[in-house]
Amino acid sequence: MKNNVRNSFYEQNLKGLKVLVLAPHQDDEINIAGNTIVNLVNCGADVKVCFSTNGDYTLPASVRIREAVASLKKLGCNKQNIYFLGYGDTLNGSFKSHIFYNKNDVVKSKAGYSETYGVEEISDYAYIKSGKHSKYNANNFCKDLKNIILDVVPDIIICVDLDTHADHRMLSLSFDEVMGEILRENNSYTPLILKRFAYDLAYFAIQDFYDFNIKQNKRPILNHERCIQQFIDKAYYSWNDRWRMPVIKNEYGNFVFSKKLTQALFCHKSQSAAMKALGIINSDEVFFERRSDSLSYKATVQVSSGKGAHLKDFKILNLTDIDAQYIKFDNYLWQPEADDKDKKATFIWDEKQDVRFIRIYGNLEDTGYIKSLLISFDNGFQIKTNRLPKDGLPLELEIPRQIVNSCTIQILDVEGYGYGISECEFFSTKEVRNILPAFLKITIEDNFVYKYIMSADCTEVALGIYTSNIEKEIKFSVIKGDAEINNQKLYLKKDDFAVIRAQDVSGKAYDQIVICREAKWKLITIQVLQKVEKIVFIGYCRLCRKSFFYKQNGLKKTLMSLIKKL
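Residues numbered from 1 in each chain as written. Predicted model: local features only at pLDDT ≥ 70, side-chain atom pairs only at ≥ 80, totals over all residues. Heavy atoms only, no water.

Peer 1: Please provide a residue-by-residue account of the overall build of the protein, values included.
Peer 2: A tally of helices and strands in the protein yields 10 helices and 24 strands. What you see for the protein is a C-alpha radius of gyration of 25 Å, in line with the 24 Å of a compact globule of 566 residues. By principal-axis analysis of the C-alpha atoms, the protein measures approximately 75 × 65 × 45 Å. Sequence-distant contacts in the protein: of pairs separated by 6 or more residues, those separated by 24 or more amount to 76%. Accessible surface computed for the protein: about 24900 Å², of which carbon and sulfur atoms make up 49%. In the protein, the 78 positive side-chain charges and the 70 negative ones have mean positions that sit 6 Å from each other. (Helix = DSSP H or I, 4+ residues; strand = E, 2+ residues; numbered from the N terminus. Rg over C-alpha atoms; globule rule 2.2 N^0.38 Å. Contact = heavy atoms within 4.5 Å. Areas by Shrake-Rupley, 256 points an atom, 1.4 Å probe, with all protein chains shown as cover. Lys, Arg positive; Asp, Glu negative; His and termini not counted. Charge placed at Lys NZ, Arg CZ, Asp CG, Glu CD.)

Structure follows, in structure tokens:
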């Protein structure tokens, strides 16, 4: 059965490809990119993982670091490819004691440290690089983060996004700041950048693993504690345009104990991370992509008033309060002065640029909006636009090829207040540069499908397709079984088993899945076995948690804890 489930993604040769995963805490490597780490390593990529904190809020760093090394070993990443910036772990509510709010002033972490540190044979990155530890402040954090990116020079960067945790927000915002600096300093460096919410797309995701068929990474549901729903379908977080990656090869089964991600999660005993496996393990892994090849980073920006630097700083949004439950975007817009009659921003390049695609992001707030823009190039070509989309979604303009030295964007008409532009991006192509090979995946009800089970009386099922870096037509065919496909709908005839293949015109990108009909007794058997496994799994997770607590705190504290719960 496994041999019939195939995808060109698993067969690509990525030798020489460098990948850097940026995670705030030990266990977030799984939440951010668990499947993707394994898949890229298996294809030959050089995957490195960097943790920004030592996870030392309540436990010694040695415990968390040891767990991370063990977890990443399960995922195929060796110890030499794991780095620790060595900053202190915090919680929301630390307020001004968090290094985020202290650019230059040195702060002390809850664990009692005021400079980066490592453990045993693993030193913090600043010490590895310079022989000196970095004092705890925001400037040093950004400097260390920038150094590791410049030292690794990854082709792909996967970074945590703006989860509600202050440390997650700190890393995400600092990465955007640092990345903007790097792109402005080195115009030829254009990595693929993928960001992912570790909480509502993994750690706090819907626990829907147990079913006949593994479900997709679902769109988050509004949750006032950890809601990223305030981001989805705003700015660059378009759910329909999300970047999707497949699960680990051959891990398509109905039971959680056997999964490699589960084994990695069990390594994080101090966090009882395996308890989250039923929500973390889905049929895909969802990311949001940021293009890094905008020509704006090469330009000098002149504005009639306001902060023109925001137009090319890579920050599409920004926060100045990383502790707040209900976020407020701040300090991210070019906003001309109220009495500015021109309201112009001009991008000037030293050399002629090839511009064919423009993307302009407006304000996320609903207090006001830009109704019209005039975009003028120095060769005389002009475009007058309609209003910028609401919620900070980008205005995208595909234009005839322009070879120019400058472009002026003028705000013609507005409504309300608080309007502005957060980022202007100019590209030579609409398409993203293909760092990863073309990828496609067959879907059913938008779920990635590997082995699909349905009842014996079912005779047809609608097939969908997800593609990445593919523009041409996709062809479906039946490889095995008595079945036919018409208008992307599969019709099963006599056989209860069919192998379906989808491929692009070249045949280089393809996906092959198994669809089978099962008798009612077998479906009931699977359900019963899943219920039994769920009881055993949760019980084992709780036993592991108590065992860890006992080892850390001794018999007396463990008994007292149990008595309090009674």
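Peer 1: Describe the layout of surface pockets, and please don't skip the residues or the numbers.
Peer 2: Within this model, the largest pocket holds a volume of roughly 920 Å³. If you go around the largest pocket, you meet 26 residues; those closest to its centre are D241, W243, E289, R359 and V432. Contributions of two or more residues to the lining of the largest pocket are made by β8 (284–290), β10 (344–362), β13 (394–416) and β19 (464–468). Classifying every residue of the lining of the largest pocket gives 11 nonpolar, 6 polar and 9 charged. The calculated volume of the second largest pocket comes to roughly 360 Å³. Considering the residues around the second largest pocket, the lining is formed by 18 residues, among which H25, L91, H165, Y199 and Q271 are closest to the centre. Among the elements of the structure, α2 (28–42) and α7 (199–203) are those that each provide at least two residues to the lining of the second largest pocket. Among the residues making up the lining of the second largest pocket, the classes are represented as 4 nonpolar, 10 polar and 4 charged. (1 Å grid on protein atoms, 1.4 Å probe; cavity = no way out; pocket = protein on both sides within 12 Å on 5 of 7 lines; lining within 4 Å. Points joined across faces, edges and corners; volume = space filled by probe spheres on them. Nonpolar A, V, L, I, M, F, W, Y, C, P; charged D, E, K, R; others polar.)

Peer 1: Quick rundown of the nonpolar core? Include the residues and the values.
Peer 2: The tendency in soluble globular proteins is for nonpolar side chains to be buried side by side. Grouped together as the largest cluster of nonpolar side chains are 122 residues, with contacts concentrated most on I149 and F175. With 9 residues, the single largest contributor to this core is helix α6 (residues 166–185). Excluding its chain neighbours within four sequence positions, the residues that come into contact with F175 are L22, L145, I149, I157, C159, I193, K195 and F314. Listed in part, the 27 residues of the second largest apolar core include I370, F377, I383 and F426. (Core = buried A, V, L, I, M, F, W, Y, C linked by side-chain atoms within 4.5 Å. Buried < 20%, exposed > 50% of the residue type's maximum accessible area, 1.4 Å probe, protein only.)

Peer 1: So what's going on with a nonpolar patch on the surface? Residues and values would help.
Peer 2: A surface patch of nonpolar side chains, amounting to about 610 Å² of accessible area, comprises F257, I524, V528, V532, V536, Y540 and L543. Within the fold, F257 resides in the loop between β7 (243–246) and α8 (260–266). (Patch = residues over 30% accessible without salt bridge, like charges linked within 9 Å, V, L, I, M, F, W, Y side chains within 5 Å. Salt bridge = Lys/Arg side-chain N within 4 Å of Asp/Glu carboxyl O.)

Peer 1: Can you lay out α2 for me, pointing to particular residues and giving the numbers?
Peer 2: The first and last C-alpha atoms of α2 sit 20 Å apart over 15 residues, in line with the 21 Å expected at 1.5 Å per residue. G34 marks the point of greatest bend in α2, at about 70°. For α2, the buried fraction is high: 13 of the 15 residues fall into the buried class. One or two residues past the end of α2 sits G44, with phi positive at roughly 100°. (Expected span 1.5 Å × (residues − 1). Bend = angle between axes of the 7 residues up to and from the residue.)

Peer 1: Any details on the pairing of β13? Residues and values, ideally.
Peer 2: Of the strand pairs in this sheet, β10 and β13 are connected by 13 bridges, and their pairing is antiparallel. When the bridges of β13 are listed, A345 appears paired with I409. For strand β11 (residues 368–377) and β13, the ladder comprises 9 bridges, and the chain directions are antiparallel. Residue F377 lies in a different strand from β13, and its bridge partner there is C407. (Pairing = 2+ DSSP bridges.)

Peer 1: Pulling in residues and values, what's your account of the sheet that holds β7?
Peer 2: Spatial strand order, β4-β3-β2-β5-β6-β8-β7: 7 strands in an open sheet with mixed pairing. Strand pairing shows two members of the sheet lacking a second neighbour, β4 (82–87) and β7, which therefore form its edges. Between one strand axis and the next, the sheet turns through 25° on average, direction left out of account. Note that strand β3 (residues 46–53) and β4 share 4 bridges and pair parallel. Its bridge partner lying in β4, V49 is registered against I82. Those strands touched by helix α5 (residues 138–152) are β2 (18–23), β3, β4 and β5 (156–160), and its axis lies near 165° from that of β4. (Axes fitted to C-alpha atoms, helices over the stretch in contact; angles between N-to-C directions.)

Peer 1: Could you give me a rundown of the pattern of salt bridges, with the residues and numbers involved?
Peer 2: A full pass over the atoms with the stated rule returns 29 salt bridges. Linking K489 and E460 is a salt bridge whose minimum nitrogen-to-oxygen distance equals 3.4 Å. With a gap of 29 residues between them, K489 in strand β22 (residues 489–492) and E460 in strand β18 (residues 460–462) connect regions that are remote in the sequence. Across the pair K493 and E484 runs a salt bridge, and its minimum N-O distance is 3.3 Å. Put simply, R242, R244, D284 and D446 are held in one network by salt bridges that share partners.

Peer 1: With reference to specific residues and values, describe the sheet that holds β18.
Peer 2: The antiparallel open sheet is built from 3 strands, whose spatial order is β18-β22-β21. Two strands bound the open sheet, and with one partner strand each, they are β18 and β21 (483–486). Here the average twist between neighbouring strands, direction ignored, is 20°. As defined by bridge partners, β18 adjoins β22 across 3 bridges and the pair is classed as antiparallel. Counterpart to V461 in the pairing with β22 is L490.

Peer 1: Describe the packing of aromatic side chains, and please don't skip the residues or the numbers.
Peer 2: Using the criterion set out here, one finds 35 aromatic pairs in the structure. Between F9 and Y10, the aromatic rings sit 6.2 Å apart at their centres with planes inclined by 85°, giving edge-to-face as the arrangement. Residue classification places Y10 among the buried positions, given a relative accessible area of 12%. The structure contains a cluster of three or more aromatic residues connected by ring pairs, namely F197, F231, Y236, Y237, W239, F288, F329 and Y332. Between the NZ or CZ atom of K441 and the centre of the ring of Y450, over which it lies, the distance is 4.3 Å. (Phe/Tyr/Trp six-rings, centres within 6.5 Å; stacked < 30°, edge-to-face > 60°. Lys NZ or Arg CZ within 6 Å of the ring centre and 35° of its normal.)

Peer 1: Just give me the short version of the environment of N7, but keep the residues and values in it.
Peer 2: Note that N7 resides in strand β1 (residues 6–7). Taking C-alpha positions, N7 is 20 Å from R242, a pair spaced 235 residues apart along the chain. Apart from the residues within four sequence positions on either side, N7 is in contact with F439, L440, K441, Y510 and D511. Here the side chain of N7 touches F9 through a polar contact of 2.8 Å, landing on its backbone nitrogen. (Polar contact = N/O pair within 3.5 Å; in protein donor to acceptor, adjacent residues only side chain to side chain.)

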